[in-house]
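What follows is each chain in one-letter form.
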Amino acid sequence: MLRNQLKLSRMTYRPLARRYCALNAMDGGGNGGALPLNNKQRNMLPNKSRGEFARNPRKDSEVSEQMFILIELYSYTEGPEFALNRKCFEVEFRAHVPDEKWTELDAEQHRAHAMRLLDGLEVTAREKRLKVARAILYMAQGMFADCGSEAEVQHWMRYNIFLLLDVGTFSALVELLNMEIDNSAACSSAVRKPAISLADSTDLRVLLNIMYLMVETIQQDDPTDRPEWKIIRETFRAELGSPLFNNEPISVMLFSMVTKFCSGHAPHFPMKKVLLLLWKSILFTLGGFEQLQNIKVHKREELALPPLPEDSIRVIRSMRAASPPASASDLIEQQQKRARREHKALIKQDNLDAFNEKDPYKPDDSRDDDEDNDDNDNSIEAETFPLERDEVMPLPIPHLPAERVSLPKGLPWAPKVREKDIENFLESSRSKFIGYTLRKNCWLLIYKLISLFFPLHFQGEEEVEMSSTELLYQGILPSLPQYMIALLKILLAAAPTSKAKTDSINILADVLPEEMPTTVLQSMKLGVDVNRHKEIIVKAISAILLLLLKHFKLNHVYQFEYMAQHLVFANCIPLILKFFNQNIMSYITAKNSISVLDFPYCVVHELPELTAESLEAGDNNQFCWRNLFSCINLLRILNKLTKWKHSRTMMLVVFKSAPILKRALKVKQAMMQLYVLKLLKVQTKYLGRQWRKSNMKTMSAIYQKVRHRLNDDWAYGNDLDARPWDFQAEECALRANIERFNSRRYDKSHSNPDFLPVDNCLQSVLGQRVDLPEDFQMNYDLWLEREVFSKPISWEELLQ
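Scoring rules and cut-offs
Residues numbered from 1 in each chain as written. Predicted model: local features only at pLDDT ≥ 70, side-chain atom pairs only at ≥ 80, totals over all residues. Heavy atoms only, no water. Helix = DSSP H or I, 4+ residues; strand = E, 2+ residues; numbered from the N terminus. Buried < 20%, exposed > 50% of the residue type's maximum accessible area, 1.4 Å probe, protein only. Contact = heavy atoms within 4.5 Å. Arc of directions from axis to C-beta. pLDDT = per-residue confidence, 0-100. Salt bridge = Lys/Arg side-chain N within 4 Å of Asp/Glu carboxyl O. Patch = residues over 30% accessible without salt bridge, like charges linked within 9 Å, V, L, I, M, F, W, Y side chains within 5 Å. Areas by Shrake-Rupley, 256 points an atom, 1.4 Å probe, with all protein chains shown as cover. Expected span 1.5 Å × (residues − 1). Core = buried A, V, L, I, M, F, W, Y, C linked by side-chain atoms within 4.5 Å.

Caption draft 1: Inspection of the overall build of the protein at higher detail. Looking only at helices and strands, the protein has 38 helices and 0 strands in total. Scored against the burial criterion, the 800 residues of the protein give a buried share of 50%. Contacts spanning at least 24 positions in sequence make up 81% of the contacts within the protein whose residues lie at least 6 apart.

Shown next, in the form of structure tokens:
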């Protein structure tokens with residue numbers, strides 16, 4: 001009976017979880033599953049009674065992806081606090097409304113009580129303030145005690161959160177969060193404790209929970225929202241990205257919490273919640289991948305550049321996963337299977353009836369053919385991953401129909417070419433066939449794609465658009481190296497390949513209970529919670545880094561290069577390779593979740609009794625989409641760090657990344673395989689002929705799936721730009737250019753006169769007062785005679 005109940009609850013969650021994670025994985029964290037389900041069926045605002053909502057009930061299967069995003073906010077050890085939040089709200093609520101329910105009040109009564117709770121946050125007593133904050137958190141959690149379904153919880157969550165934002169709750173929460181960050185007594189107490197638990201971060205967790213629920217809920221754009229809600233949403237987006245909170249964007253304040261935690265001065269900070277709020281704040285203020293694509297198209301139009309030949313995300317969606325190459329152990333196993341079949345065949349030949357049976361070596365015998373096929377090299381077993389492409393590939397996000405791009409048959413990408421490639425090609429061709437060269441002459445009939453991501457050389461004053469990306473870069477610029485080091489430290493501690501060390505940072509402060517488990521069931525539950533906690537941290541950090549790299553690159557290439565260079569200096573490349581140096585199939589198929597304990601299921605439904613058997617069995621999902629999402633993000637980050645950087649490509653070779661990346665190809669997911677193949681492509685020229693000869697299946701996959709470029713010599717190694725003695729000079733020159741850029745644009749106190757803006761206005765220059773030296777004034781008549789009167793002037797030409 002218990003297993004049937006658990007199976008039923010998992011079946012309720014599975015279809016939507018798959019849709020949510022498909023959106024999340026394909027967007028690379030860009031939209032965070034921001035496409036809601038069943039928008040037409042939403043009934044977001046009640047008027048005066050719950051009855052209006054009850055007349056239009058929504059089924060549990062119609063709950064949007066937002067609910068599955070909110071699942072990751074809470075640890076399973078926080079479960080008892082849901083009832084505590086409800087109790088704190090009811091005490092405050094019954095003091096003013098003794099009989100009616102919240103769902104039976106009108107909008108004016110709702111607003112009046114929200115204002116009373118907001119006033120309660122300003123009391124000096126910490127315990128009283130915490131109770132009021134818990135009451136506000138219960139409102140943000142959707143008044144689940146008065147709801148009968150998850151859809152109803154979602155309805156009241158959205159309504160209450162817009163109400164709380166409208167009365168000014170978020171600003172008050174930011175002030176309280178600043179107080180807790182600067183609470184030296186709490187930091188000193190946490191540093192002295194031998195073991196930090198969930199209780200040490202109670203105040204911080206309550207505040208961060210409310211803030212995360214507000215940011216994540218409001219960033220979901222719903223077409224059925226009221227006009228005033230849409231205005232509130234856009235205003236909140238602008239405020240969140242502006243330096244209105246403590247004279248800095250909210251993301252900068254969260255970055256400072258990360259560095260303070262990693263420095264050891266505040267080990268009680270709930271780092272998972274901080275990172276999740278940081279991710280969603282960046283996503284909301286800067287935009288996801290669809291917004292990035294729109295900005296890119298708009299900028300190309302402004303600069304009169306030709307449109308992009310294709311949308312990369314759409315091309316990847318249409319790609320099919322390739323069969324991974326066989327490893328040495330797989331080849332040995334296949335030889336053993338073949339030997340067993342040969343032995344069986346010899347036995348059959350002793351019988352005359354054997355001629356009437358199917359030959360096990362014939363291709364029409366599908367059973368034996370499947371066993372001997374390279375596609376079935378123990379990479380993805382049929383029992384674990386279904387072979388249907390719709391099941392293996394994440395579901396595509398619906399988009400408006402677009403014109404089909406005319407591409408070469410069999411190749412998914414339109415070829416690209418850089419100006420440097422054209423110059424090298426024309427120079428060598430002219431020198432070989434004609435006998436002369438013309439430098440910087442690329443006017444021949446050769447199409448080239450001009451990228452937005454190139455350094456611009458300004459003459460005169462540079463106009464800097466104060467976008468959300470520019471404001472964020474200015475905010476994190478002074479401490480950007482420390483921020484990158486801190487994020488990578490936490491990523492290292494959360495990686496499954498990391499071993500526990502006494503000197504490593506403790507990232508489990510907001511998941512470990514005060515009393516450690518005493519039974520096997522409690523220990524298993526805590527083990528699942530800890531593994532899930534680490535997976536969510538990896539997911540958040542990978543999404544933060546990828547979003548920042550993409551937005552900085554679109555805003556100005558040197559902002560991207562500055563962040564990328566400090567990631568390289570902080571050993572990001574070997575860290576990501578260490579992350580992938582594991583059994584990646586086990587990581588992708590990990591089952592570290594207990595669906596019946598996820599919010600809001602656990603507060604709406606009556607929970608079955610958990611057993612060790614049910615926890616060990618896990619859920620029925622064939623993928624852990626969270627981990628697949630993290631792997632794709634990390635591969636994309638590694639690609640961005642190494643693209644067109646020969647010195648960093650050599651780091652991939654030195655750290656022996658080829659076998660690590662080749663094992664990652666066992667995951668039959670098109671997007672993940674594409675970025676693995678890109679990383680293999682850039683280093684094949686350094687791996688030698690023998691490696692290329694032994695990995696022809698991988699080389700074929702690179703040819704089929706990765707974009708081709710003019711004179712792309714990836715398969716041979718005759719690239720003139722890949723000379724090893726240029727590596728150090730390349731990195732040093734890039735660093736010098738970045739320092740000049742930051743000094744010219746942001747260091748106003750020590751401005752270099754060479755980079756000062758030039759006044760090009762003739763009237764303005766002539767109108768300036770110039771102090772002339774005394775000797776010039778004494779000889780002015782002589783200068784006038786020699787330089788003006790004695791020289792003929794053609795006034796007609798001057799006028800023309």
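Caption draft 2: Geometry of unusual backbone geometry. Residue proline 600 follows phenylalanine 599 across a cis peptide bond; omega there is 5°. Of note, proline 600 is situated in the loop between helix 25 (584-588) and helix 26 (601-604). One non-glycine residue, alanine 304, lies in the positive phi region at around 60°. Tracing the backbone through its elements, the reader meets alanine 304 in the loop between helix 14 (289-302) and helix 15 (312-318). We note that tryptophan 644 has phi near 60°; this positive angle belongs to a residue other than glycine. Within the element layout of this structure, tryptophan 644 appears in the loop between helix 28 (625-642) and helix 29 (646-654).

Caption draft 3: Structural view of helix 33 (residues 696-705). Taken residue by residue, helix 33 has Thr698, Met699, Ala701, Ile702 and Lys705 as its buried positions. For helix 33, the angular spread of the buried residues around the axis is 160°, confining them to a single face. Buried residues in helix 33 make contact with helix 30 (657-664), helix 31 (670-687) and helix 32 (689-694).

Caption draft 4: How the structure looks around the confidence of the model for the protein. Across the protein, the average pLDDT comes to 78, with 74% of residues at or above 70. Note that pLDDT drops below 50 for residues 1-63; the model gives that stretch 169 contacts with residues more than four away or on any other chain. Every residue in residues 346-408 scores below 50 in pLDDT, and together they form 96 contacts with partners more than four places removed in sequence or on other chains.

Caption draft 5: Summary view of the pattern of salt bridges. Counted under the stated rule, the structure contains 28 salt bridges. Residues arginine 126 and aspartate 203 are paired through a salt bridge, measuring 2.5 Å at the closest nitrogen-oxygen approach. With a gap of 77 residues between them, arginine 126 in helix 6 (residues 126-140) and aspartate 203 in helix 10 (residues 202-219) connect regions that are remote in the sequence. The closest approach of N and O atoms between glutamate 535 and arginine 626, which form a salt bridge, is 3.0 Å. Taken as a pair, glutamate 535 in helix 22 (residues 520-555) and arginine 626 in helix 28 lie far apart in primary sequence, 91 residues in all.

Caption draft 6: Structural context of a nonpolar patch on the surface. Residues Tyr780, Trp783, Val788 and Phe789 make up a contiguous nonpolar surface patch of roughly 380 Å² in combined accessible area. With respect to the secondary-structure elements, phenylalanine 789 resides in helix 37 (residues 780-789).

Caption draft 7: Highlighting the environment of methionine 214. Structurally, the position occupied by methionine 214 is in helix 10. Along the chain, methionine 214 and glutamine 141 lie 73 residues apart, while their C-alpha atoms are 9.9 Å from each other. The residues touching methionine 214, leaving out its near neighbours within four places in the chain, are Ile161, Leu164, Leu165, Phe170 and Leu173.

Caption draft 8: Expanded view of helix 4 (residues 81-94). An ideal rise of 1.5 Å per residue puts 20 Å on 14 residues; helix 4 measures up with 20 Å between its terminal C-alpha atoms. Tucked into the core, helix 4 has its buried residues touching helix 5 (107-120), helix 6, helix 10 and helix 26.

Caption draft 9: Structural detail: the nonpolar core. Ranked by internal contacts, the top residues of the largest apolar core, which has 182 residues, are Phe170, Leu275, Ile490, Phe580 and Met672. Counting residues per element, this core draws most heavily on helix 22, at 16 residues. Every residue in contact with phenylalanine 170, bar those within four places of it in the chain, is listed here: Leu165, Met211, Met214, Val215, Phe236, Leu240 and Phe245. Grouped together as the second largest cluster of nonpolar side chains are 8 residues, Val528, Ile594, Leu597 and Tyr601 included.

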